[in-house]
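Listed below, chain by chain, are the residues.
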Amino acid sequence: MTQAPAPSPLAPDLTAPSLKRRMACWLYEGMLLFGVVFIAGYLFSTLTQTRHALDNRHAQQAFLFVVFGIYFTWFWAKGQTLAMKTWHIRVVDAQGRPLTQARALARYVLSWLWLLPPLGLTYALGLSGRDLAVLFPGWVIFYALLSRLHKQRQFLHDALAGTRLVQQLPPVRPKK
């Protein structure tokens, strides 16, 4: 039996993390976004003097879309969000180089494929919140499993944006 050659120290390791690790990172990212939503929502409500949650909701949704865009574009251009650091995952371009701001922004816009299909279907068919509560997890599972069909195990939005998630294992510390 022959083993696969180890990547050279100069060449980046472009191995995709397991689907389990990527989805754990995705869930953790969602939990961290609660803090971002809380601070951004408070800022929006204060600046617009909104007293009721349903007042200005479309403007607030647009504001949060922009805030999320800034958050993800900034961190992805640096290589990792906090959740990605925790799960030892890095986002790079197809050749393994750091993302430009433009490519990170494109990835952000395309990453809405995680959410827009079930939301659009719910709206188009006049479905209830209960229907969305069933449709959304089903879509997320389907979308995540689609990555198994990609030759490099990447999500659809990564393939379209020319990006990829790779493992970034911590350096091995020598024992003293």
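Residues numbered from 1 in each chain as written. Predicted model: local features only at pLDDT ≥ 70, side-chain atom pairs only at ≥ 80, totals over all residues. Heavy atoms only, no water.

Visitor: Just to check I follow, could you spell out the overall build of the chain for this structure?
Guide: Each helix and strand in the chain was counted, giving seven helices and two strands. For the chain, the spread of C-alpha atoms along the three principal axes comes to 65 × 35 × 35 Å. Within the chain, the fraction of its 176 residues that count as buried is 32%. For the chain, the proportion of contacts with a sequence separation of at least 24, taken over those separated by at least 6, is 68%. About 12000 Å² of surface is accessible on the chain, with carbon and sulfur atoms providing 68% of the total. Here the chain contributes 19 positive and 6 negative side-chain charges, whose respective centroids are spaced 10 Å apart. (Helix = DSSP H or I, 4+ residues; strand = E, 2+ residues; numbered from the N terminus. Buried < 20%, exposed > 50% of the residue type's maximum accessible area, 1.4 Å probe, protein only. Contact = heavy atoms within 4.5 Å. Areas by Shrake-Rupley, 256 points an atom, 1.4 Å probe, with all protein chains shown as cover. Lys, Arg positive; Asp, Glu negative; His and termini not counted. Charge placed at Lys NZ, Arg CZ, Asp CG, Glu CD.)

Visitor: What exactly am I supposed to notice about the packing of helix 1 (residues 19-48) against helix 6 (residues 129-146) here?
Guide: To describe two helices that pack against each other, one gives the angle between their axes and the distance between the axes. At a closest axis distance of 11 Å, the pairing of helix 1 and helix 6 adopts a crossing angle of 140°. Between helix 1 and helix 6, the angle is such that the two are oblique. Crossing angle aside, the handedness with which helix 1 passes helix 6 is right-handed. Residue-level contacts link Leu19, Met23 and Trp26 of helix 1 to Phe136, Val140, Ala144 and Leu145 of helix 6. (Axes fitted to C-alpha atoms, helices over the stretch in contact; angles between N-to-C directions. Parallel < 35°, antiparallel > 145°, perpendicular 65-115°, else oblique. Left-handed = near helix turned anticlockwise from the far one by under 90°.)

Visitor: What should I look at first to understand a nonpolar patch on the surface in this one?
Guide: On the surface, Phe65, Val66, Ile70, Leu105 and Val109 cluster together into a nonpolar patch covering about 450 Å² of accessible area. Among the elements of the structure, helix 2 (57-78) and helix 4 (101-110) are those that each provide at least two residues to the nonpolar patch. Of all the elements, helix 2 adds the most residues to the nonpolar patch, at three residues. Examined against the element boundaries, Val66 turns out to sit in helix 2. (Patch = residues over 30% accessible without salt bridge, like charges linked within 9 Å, V, L, I, M, F, W, Y side chains within 5 Å. Salt bridge = Lys/Arg side-chain N within 4 Å of Asp/Glu carboxyl O.)

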